[in-house]
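Report on the structure
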Amino acid sequence: MVEDNKEYSIEELKDRITDLEKQNNALSDQVEETILFNFISESFDSISNDKELIEALLEKISILKEIPVCYCIEIKSRSYKVISSYCAYDSGSNDCVEPVLKKEIIAQLQSQGVLKIKCDDVDPAVFKDKVKHKFEPYEIVLIHFHSHNVKNGVFVFVSDINNKEVFDDLFIFNQFVKIVTDKWERLGLILQLKKLNQSLERKVKARTTELTRLNNMLFQEIQTHQNTNHELNIERKKFHQLFQKANDAIYLWEIDGVASIKRCMEVNQAAIEMTGYSYDELMNMTPSDLMVKGMKGQLKPFLEKLEVNKTSKIEVIHQRKDGTTFPVEVNSHLFTLDDKKVILSIARNISEWKKIELDLIDAKEQAEESDRLKSSFLANMSHEIRTPLNAICGFTELIKEDNLEMSEVKDFADIILNNSSHLLNLINDLVDFSKIEAGYVKPTFMPVNISHLLRNLELNVQSLLYNFNKEHIKIIIDSAEELEEKLVLTDEVQLRQILSNLLNNSVKYTRKGSITLKTSIVKDQLQFIISDTGIGIPKKFHEKIFERFVQVKDKKTFSIPGTGLGLAICLNLAEMLNGEVKLLDSSIKGTSFSLTIPYYPSSK
Amino acid sequence: MTSFDQTYTFDINQQQIVYHRFGKGEPVLFIHGITTYSFIWRNIWPYFANDYDVIVVDLAGCGESSKNIEGSFSLKNHAFMLAELIEHLDLKNVHLVCHDVGGGIGQIMVVNNTILFKSLTLINSVAYDYWPVQPIISMRTPIIRNLAMISLDLGAFRLLVKRGMYYRNRVDDELMSFFWKPMDTRDGRKAFLYFAHCLNNQDLMEIKDDLAALRLPVLIIRGEGDVFLRKVISEDLHKNIHNSQYKKISTGGHFVQEDEPEQLSQLILNFYRGLNGRG
């Protein structure tokens, strides 16, 4: 370019052009260096491993500095190995021909650091053979390096004969090597850091896994423990309920070695309720304190027996706080609890049992008595029935005889009639009583004229006295004036039967004197008192005379007929009329019965 | 982009040439230059596919063709491989359409065997020794250095593509992905640089006289915005080739196929119509 008006000669212009070319070249060098370093720096951002880094950088330096072949080589004690290479004229990535590094060159390199050798001196035949048609090797530059992963290495750059000046200034190559090794160091450190991180992560992971496993185990153990605790709680509550809600009193006594009670360990609610003592009071007591005075002596032998047999049962009388007593059956067991000898005593209040036991004995005795009475009744009945039947049969047979007089026939007929009547009465009594006992007899309350009833009874008694040839006995009917022509609400048939039975008894057991029927109104009760001057009832029979089939039989009454049901019928009928019949008095001077029924006056 | 739906391969000299073929008619062989491959014709060949037998190649070491750098990627060798392809396909009366260094290949092909061809179209083509790739002083050849650097960095590549365009705002990610694709692999970069390394002006200087004697119809097209190749190249070609036409596209850069695809296609189609007496 011509910038002024000065005229230049051809030579001057050529010199000018040469200068400009030199300037251009220098500028180009600077640009290339800048670009190369930029590329190297950029490579750091994207490349993360040694191999990729060295491959990329060898390619770039080759392209920008027109280096046909370059290598990165690791030197070992007896050999060397190409780590990476770039050959601009070979296809593929690893087809570069390996250089031949002689021992003396390696030795020289290690002492000098950098070597520049003409290819003629190192016999580059191997390059020539392979790439002779592509380029002609001119110089080789070897730069020694060491890094964390390559302790002894060399970068080899081979120039083309058409590019002789490329190794004039080795600054950019030295810089390249320095940058690469620095980066390697950094990558190495990063790698080490990564490995450390990975190792740490593995350890943390392993530790975490272990901790998780232990945590899980612990959690499971806690869970199991909680479950067990929960179950134990349920069990404890269950047994506490069983203990506290038991009907029997339960005591837990601690004993010392010599079978004596040391202290009370526990009592349940039933013990508190049964004894009347508070929980705290019972906790300060011994079994002896609960027993009545006369029985305290039984405790020691009981404990000795328990010591041997481990279980024992005793019946004792306990005394409540209020002084009352009650029988208990105590079942005791001896066992060891937490290194202590303990007695578990279960005390059952057997008051009811005892009462039932007594009742049973009583019932048994009554049953036996009833059985005895039945036997007696049957024996008596057979006599009572057989006697009139024998008379009836005997005298009937006599009547059949032809040589009897009319008076004899009449007498015999009377005898037969009397015996038949007696038998009929007997059977009537049995049937009545059976009806009453079976519940067939029901009272029918109707207005009854008592005065009229009494007059009828008087006639019946007179008739009876006549039949028994006891007309000499006086009969007195003493009726209260207020009852004259009064109607009373009751069952006439049953009232009549009660009074008839009592009056008949008086007729049967009275030989002389009188029979009195006194009627009065006492408060709201109508009272009948039947008294006689008969033989009386021995005292020992007083409590039994109203029982079934009981009949006073002794020397005096041996011949007096009867079923033993009359008074039992009276008792039952009186109850039906809501009344009461009882023996008022009886001695050798006579006997008095009373019948009391409700007095319900009626208007008609 | 209209996709290539008919793709073939042809093996020659330890290389595998990939080419695409569409349509029926007189054969038209499209030859790309350096930094590009068959994609550069994607907006052009659809104008031809209806009436012509279109063949679009990836030169050895470029596009999808093999990247074996054992053999030479010189213009002569490329011309030889393509001539073998034409013979393999048994093509006659071939129209050649060449761009950039592809123009150098086309020149060598037609001077070597003129009878096979019906026409030659040179678009922003190299020629003679105006193409300064020869080592002159200390290997500081700007184009080679430029190519070396752009092979390493997408940003630098983008600058180169932009400089090659008249409509620079049309350089988008899609276009750059076409350009950058071969640079994605180490072998791709090596092959590209090896291609550049093999370029030698001597190959074209040798045919200077043969070119002057050529009687084949030649269309010379120049994008007036081409900053990589000087207009004197096109002017000298037009001056020296007897049966040549010279057309200029004022709104075209070096990659004129991207700037004015229709205008470019119509210039060529008109040229063909003229050859057949229809223009």
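Rules used in this analysis
Residues numbered from 1 in each chain as written. Chains lettered and ligands numbered in written order. Predicted model: local features only at pLDDT ≥ 70, side-chain atom pairs only at ≥ 80, totals over all residues. Heavy atoms only, no water. Helix = DSSP H or I, 4+ residues; strand = E, 2+ residues; numbered from the N terminus. Buried < 20%, exposed > 50% of the residue type's maximum accessible area, 1.4 Å probe, protein only. Areas by Shrake-Rupley, 256 points an atom, 1.4 Å probe, with all protein chains shown as cover. Contact = heavy atoms within 4.5 Å. Axes fitted to C-alpha atoms, helices over the stretch in contact; angles between N-to-C directions. Left-handed = near helix turned anticlockwise from the far one by under 90°. Nonpolar A, V, L, I, M, F, W, Y, C, P; charged D, E, K, R; others polar. Pairing = 2+ DSSP bridges. Salt bridge = Lys/Arg side-chain N within 4 Å of Asp/Glu carboxyl O. Expected span 1.5 Å × (residues − 1). Polar contact = N/O pair within 3.5 Å; in protein donor to acceptor, adjacent residues only side chain to side chain. Core = buried A, V, L, I, M, F, W, Y, C linked by side-chain atoms within 4.5 Å. Patch = residues over 30% accessible without salt bridge, like charges linked within 9 Å, V, L, I, M, F, W, Y side chains within 5 Å. Lys, Arg positive; Asp, Glu negative; His and termini not counted. Charge placed at Lys NZ, Arg CZ, Asp CG, Glu CD. Parallel < 35°, antiparallel > 145°, perpendicular 65-115°, else oblique.

Let us now look at the overall build of chain A. If you tally the helices and strands in chain A, you get 15 helices and 18 strands. Within chain A, the fraction of its 604 residues that count as buried is 39%. Here chain A displays about 35700 Å² of accessible surface, and carbon together with sulfur accounts for 53% of that area.

Along chain B, the regular secondary structure elements total 11 helices and eight strands. The burial tally for chain B puts 59% of its 279 residues in the buried class. In chain B, once contacts between residues fewer than 6 apart in sequence are set aside, the share between residues at least 24 apart is 75%.

All names here are of chain B. Orientation of helix 1 (residues 75-89) relative to helix 2 (residues 101-112), taken along the N-to-C sense of each, is 65°, at an axis distance of 9 Å. Considering the relative orientation of helix 1 and helix 2, their crossing is right-handed. Taking contact as the criterion, the partners of Leu75, Lys76, His78, Ala79, Leu82, Ala83 and Ile86 in helix 1 are, on helix 2, Val101, Gly104, Ile105, Ile108 and Met109. Of the residues in the contact of helix 1 with helix 2, the class split is nine nonpolar, two polar and one charged.

To continue, consider the sheet that holds strand 3 (residues 26-31) of chain B. To summarise the sheet geometry, strands pair through backbone hydrogen bonds and adopt either a parallel or an antiparallel arrangement. Residue and element names in this part refer to chain B. Reading across the sheet, the eight strands line up as 1-2-4-3-5-6-7-8 and stay open at both edges, with mixed pairing between neighbours. Every interior strand has two partners, whereas the edge strands, strand 1 (7-12) and strand 8 (244-249), have only one. Taking the axes of each pair of neighbouring strands and ignoring which way they run, one obtains an average angle of 20° across the sheet. Two strands pair when backbone bridges link them, and strand 2 (residues 15-22) and strand 4 (residues 52-58) are joined in this way by five bridges, in the antiparallel orientation. Paired with tyrosine 19 across the bridge in strand 4 is valine 57. Across the sheet, helix 1 touches strand 1, strand 2, strand 3, strand 4, strand 5 (94-100) and strand 6 (117-125), and the angle it forms with strand 1 is around 120°. Packed on one face of the sheet, helix 2 meets strand 3, strand 5 and strand 6 and runs near 145° to strand 5.

Residue and element names in this part refer to chain A. Reading across from one edge, 7-6-10-9-8 is the order of the five strands in this open sheet, with antiparallel pairing throughout. The sheet is open, and its two edges are formed by strand 7 (261-267) and strand 8 (311-319), each paired on a single side. Between one strand and the next, the sheet's axes are offset by a mean angle of 30°, whatever the strand orientation. Here six bridges tie strand 6 (residues 249-255) to strand 10 (residues 340-349), and the two strands are oriented antiparallel to one another.

Let us look at the pattern of salt bridges. Under the counting rule described, the total for this entry stands at 22 salt bridges over all chains. For Arg189(B), the salt bridge goes to Glu59(A), with nearest N and O atoms at 2.5 Å. Pair noted here: Arg189(B) is in helix 6 (residues 186-198) and Glu59(A) is in helix 2 (residues 50-65), and the two residues belong to different chains. Looking at Arg189(B), the relative accessible area reads 16%, which means it is buried. Judged by its relative accessible area of 4%, Glu59(A) is buried. In this structure, Glu258(B) and Arg42(B) form a salt bridge, with 2.7 Å as the shortest nitrogen-oxygen distance. Here Glu258(B), found in helix 10 (residues 256-259), pairs with Arg42(B), found in the loop between strand 3 and strand 4; they are 216 residues apart in sequence, far enough to count as distant. Sharing partners across several salt bridges, the network here consists of Glu254(A), Lys262(A) and Arg263(A).

Moving on, we come to helix 13 (residues 450-467) of chain A. Residue and element names in this part refer to chain A. Given a rise of 1.5 Å per residue, 18 residues ought to cover 26 Å, and the 25 Å separating the end C-alpha atoms of helix 13 matches this to within 8%. Its side-chain oxygen 3.1 Å from the backbone nitrogen of serine 451, asparagine 449 forms the N-cap of helix 13. After helix 13 finishes, the residue asparagine 469 shows a positive phi value of roughly 60°.

Before going further, it helps to examine the environment of Ser312(A). All names here are of chain A. Relative to the assigned elements, serine 312 resides in strand 8. The exposure class assigned to serine 312 is buried, which follows from its relative accessible area of 6%. Setting aside residues up to four positions removed in sequence, serine 312 forms contacts with Phe302, Lys305, Leu306, Val330, Asn331 and Ser332.

Another point: the pairing of strand 4 (residues 137-145) of chain A. Both faces of the sheet carry side chains from a regular strand, because those side chains alternate between them. All names here are of chain A. Among the nine residues that make up strand 4, eight are buried, leaving the element largely enclosed by the rest of the structure. One ladder, built from five bridges, connects strand 3 (residues 114-118) with strand 4; its direction is antiparallel. Among the inter-strand pairings, lysine 118 is bridged to a residue of strand 4, identified as glutamate 139.

All names here are of chain A. By the element assignment, threonine 510 lies in the loop between helix 14 (492-509) and strand 14 (514-522). Classification of threonine 510 by relative accessible area gives buried; the value is 0%. Looking at threonine 510, its side chain comes within polar contact range of the main-chain oxygen of serine 506, at 2.6 Å. Aside from chain neighbours lying at most four places away, what touches threonine 510 is Lys470, Ile473, Ile515, Asp532, Thr533 and Gly534.

Moving on: the nonpolar core. Judged by nonpolar contacts, the single largest core of 144 residues is most densely connected at Leu142(A), Phe155(A), Phe157(A), Phe173(A), Phe30(B), Leu96(B) and Met109(B). Within the second largest apolar cluster, 46 residues are counted, among which are Leu502(A), Leu517(A), Val552(A) and Leu577(A).

Taken together, the side chains of Glu11(A), Glu12(A), Asp15(A) and Asp19(A) present a region of like negative charge at the surface. As for its position among the elements, Asp19(A) is in helix 1 (residues 10-46).

Attention now moves to helix 11 (residues 261-275) of chain B. Between the first and last C-alpha of helix 11 of chain B there are 21 Å, a value that for 15 residues agrees with the 21 Å anticipated at 1.5 Å per step. Gly277(B) occupies a position one or two residues after helix 11 of chain B and carries a positive phi of about 75°.

As a further point, take the packing of helix 14 of chain A against helix 15 (residues 566-576) of chain A. Residue and element names in this part refer to chain A. The N-to-C vectors of helix 14 and helix 15 enclose an angle of 150°; their axes lie 9 Å apart at closest approach. With respect to their mutual orientation, helix 14 and helix 15 come out roughly antiparallel. The element helix 14 and its partner helix 15 pack so that their crossing is left-handed. Of helix 15, the residues touching helix 14 (which contributes Gln494, Gln497, Ile498, Asn501, Leu502 and Asn505) are Gly566, Leu567, Ile569, Cys570, Leu573, Ala574 and Met576. Residue composition of the contact of helix 14 with helix 15, grouped by class: eight nonpolar, five polar and no charged.

Moving on to the side chain of Arg189(B). A polar side-chain atom of Arg189(B) sits 2.9 Å from the main-chain carbonyl oxygen of Met183(B). Residue contacts for Arg189(B): discarding those within four places in its chain leaves Glu59(A), Ser151(B), Pro182(B), Met183(B) and Asp184(B).

Residues and elements named next belong to chain B. Positive phi, close to 55°, is recorded for aspartate 90, a residue that is not glycine. Within the secondary structure layout, aspartate 90 lies in the loop between helix 1 and strand 5. In this structure, tyrosine 128 takes a positive phi of about 55° despite not being glycine. Position of tyrosine 128 among the secondary structure elements: in the loop between strand 6 and helix 3 (142-150). The class of tyrosine 128 is buried, set by a relative accessible area of 3%.

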